[in-house]
Amino acid sequence: MTPTVRVLADADAAARAVAARLEELAGSALSARGEFSVAVSGGRTPEPMFRALAGREGGASVWHGWQVFWCDERLVPVADDRSNAGLARRLWLDPCGFPRSNMHEVPTDPPVEEAARRYDATLRTFFHPGERDGPDVVVLGIGPDGHTASLFPGSPALEVTGRWAVAVPTPGQPPPVPRVTMTLEALARARNALFLVTGADKRPALAQILSPASSRSKDAPLPAARVASAGAVEWFLDRAAAPA
Ligand code: 6PG
């Protein structure tokens, strides 16, 4: 399915558009199935999106039925500024009174291979075939190198099949801490993939990812170009990141 690309005036507008799209997709999922599952990413880009979600009217009840997962995680304590779960909890989930039982975090205490095994089990158990094929939505970013989640160019993690999550002991970008990431196969199980990409530093990679020649195929060089989705891949960009 051809991805859709929306270019917004600035990073805040792009983040607000993703938050609005999430709420729209959640409304449909909750009406149809009584629950909504979303896997989010970390880094700096999603900060305004988390703030926009936290600004939603209606109190804790509006998050009833939401289940939150992470596309990837750095193996640091949740209180560490580099923690993806810590970022989402600080800016959105905790201020909104989100039930802890509906946050499915990557365990960051064990060694990275054990952390990946446990998170793989968490995802495999929740997205049990026949009941739930995959997350309703994955929200992804990209690095200047075209990575997404913690799937870095040339990483063996890109080729892993039969797993929902794998260990990335030595990431290709800072922070230089071990990671756990969902696999491309797992991300492809999502009904919708939303990319939020802002900032001029992302433009070169984005030009390559979104160019027709890149053929977002399984062997495209940049990991973000290899993300498929059971449904639609939607790109939300600010003008700074949007290719000319
Ligand atoms: C992570 C993220 C990662 C992020 C990109 C962009 O754990 O680092 O999940 O995939 O989306 O690295 O990061 P910025 O938003 O900080 O540019």
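We now turn to the structure provided with this report. Note that the coordinates shown come from a computational prediction; the quantities given were computed from them, not determined experimentally.

What follows is about the overall build of the protein. Each helix and strand in the protein was counted, giving six helices and ten strands. Taken over C-alpha atoms, the radius of gyration comes to 16 Å for the protein, in line with the 18 Å a tight globule of 244 residues would show. Referenced to the eigenvectors of the C-alpha coordinate spread, the extents of the protein come out at roughly 45 × 40 × 35 Å. Of all 244 residues assigned to the protein, the portion counted as buried reaches 56%. For the protein, the accessible surface area stands at approximately 10,300 Å², while carbon and sulfur atoms represent 53% of it. Between the centroid of the 26 positive side chains of the protein and the centroid of its 27 negative side chains there is a distance of 2 Å.

This brings us to the nonpolar core. Core analysis: the largest hydrophobic core is formed by 84 residues, its most contacted members being Leu22, Met49, Trp92 and Trp235. Sort the elements by how many residues they give to this core and helix α1 (residues 11-33) lands first, with ten residues. Sequence-distant contacts of Trp92, defined by excluding residues within four places in its chain, comprise Val40, Phe50, Leu53, Ala54, Trp63, Trp66, Val68 and Phe98.

The subject of this paragraph is the site of the ligand. For the ligand, the set of nearby residues contains 15 residues, the closest of which are Thr45, Asp72, His147, Ala149 and Lys202. Arg44 places a main-chain nitrogen or oxygen 2.8 Å from an oxygen atom of the ligand. For the ligand, whose free accessible area comes to 420 Å², the fraction covered by protein is 89%. Here the shell around the ligand is composed, by residue class, of two nonpolar, eight polar and five charged.

On to the packing of α1 against helix α2 (residues 47-54), then. Two elements in contact, α1 and α2, have axes whose closest approach is 8 Å; the angle formed by their N-to-C orientations is 50 degrees. The angle between the axes of α1 and α2 places the two elements in the oblique class. Every pair of crossing elements has a handedness; the one defined by α1 and α2 is right-handed. Contacts from Asp12, Ala15, Arg16, Val18, Ala19, Leu22 and Glu23 of α1 reach α2 at Pro48, Met49, Ala52 and Leu53. Tallied by class, the residues present in the contact of α1 with α2 amount to eight nonpolar, no polar and three charged.

It is worth spelling out the side chain of Arg74 at this point. Mapped onto the secondary structure, Arg74 falls in strand β4 (residues 72-74). Glu73 is the oppositely charged side chain nearest to the buried, salt-bridge-free Arg74, at an N-O distance of 5.1 Å. Ignoring sequence-local partners within four residues, the contact set of Arg74 consists of Gly43, Arg82, Asn84, Thr108, Pro175, Val177, Pro178 and Arg179.

This paragraph deals with the packing of α2 against helix α3 (residues 84-93). Put simply, α2 and α3 touch, their axes get as near as 8 Å, and they point 35 degrees apart. The residues of α3 that touch α2, namely those facing Glu47, Phe50, Arg51, Leu53 and Ala54, are Leu87, Ala88, Leu91 and Trp92. The residue inventory of the contact of α2 with α3, partitioned by class, reads seven nonpolar, no polar and two charged.

This part takes up the pattern of salt bridges. A full pass over the atoms with the stated rule returns 18 salt bridges. With its nearest N and O atoms 2.8 Å apart, the salt bridge here joins Arg21 to Glu234. Remark: Glu234 occurs in strand β10 (residues 232-238) and Arg21 occurs in helix α1; sequence separation between them is 213 residues. For the pair shown, Arg21 and Glu234 are each scored as buried. For the salt bridge of Asp80 with Arg82, the shortest nitrogen-to-oxygen distance reads 2.9 Å. Taken together, the shared-partner salt bridges in this structure form one network comprising Arg89, Asp94, Arg100 and Glu105.

Definitions and cut-offs
- Residues numbered from 1 in each chain as written.
- Predicted model: local features only at pLDDT ≥ 70, side-chain atom pairs only at ≥ 80, totals over all residues.
- Heavy atoms only, no water.
- Helix = DSSP H or I, 4+ residues; strand = E, 2+ residues; numbered from the N terminus.
- Rg over C-alpha atoms; globule rule 2.2 N^0.38 Å.
- Buried < 20%, exposed > 50% of the residue type's maximum accessible area, 1.4 Å probe, protein only.
- Areas by Shrake-Rupley, 256 points an atom, 1.4 Å probe, with all protein chains shown as cover.
- Lys, Arg positive; Asp, Glu negative; His and termini not counted.
- Charge placed at Lys NZ, Arg CZ, Asp CG, Glu CD.
- Core = buried A, V, L, I, M, F, W, Y, C linked by side-chain atoms within 4.5 Å.
- Contact = heavy atoms within 4.5 Å.
- Near = heavy atom within 4 Å.
- Polar contact = N/O pair within 3.5 Å; in protein donor to acceptor, adjacent residues only side chain to side chain.
- Nonpolar A, V, L, I, M, F, W, Y, C, P; charged D, E, K, R; others polar.
- Axes fitted to C-alpha atoms, helices over the stretch in contact; angles between N-to-C directions.
- Parallel < 35°, antiparallel > 145°, perpendicular 65-115°, else oblique.
- Left-handed = near helix turned anticlockwise from the far one by under 90°.
- Salt bridge = Lys/Arg side-chain N within 4 Å of Asp/Glu carboxyl O.

In short, the description is geometric, and any link to function would need to be established separately.
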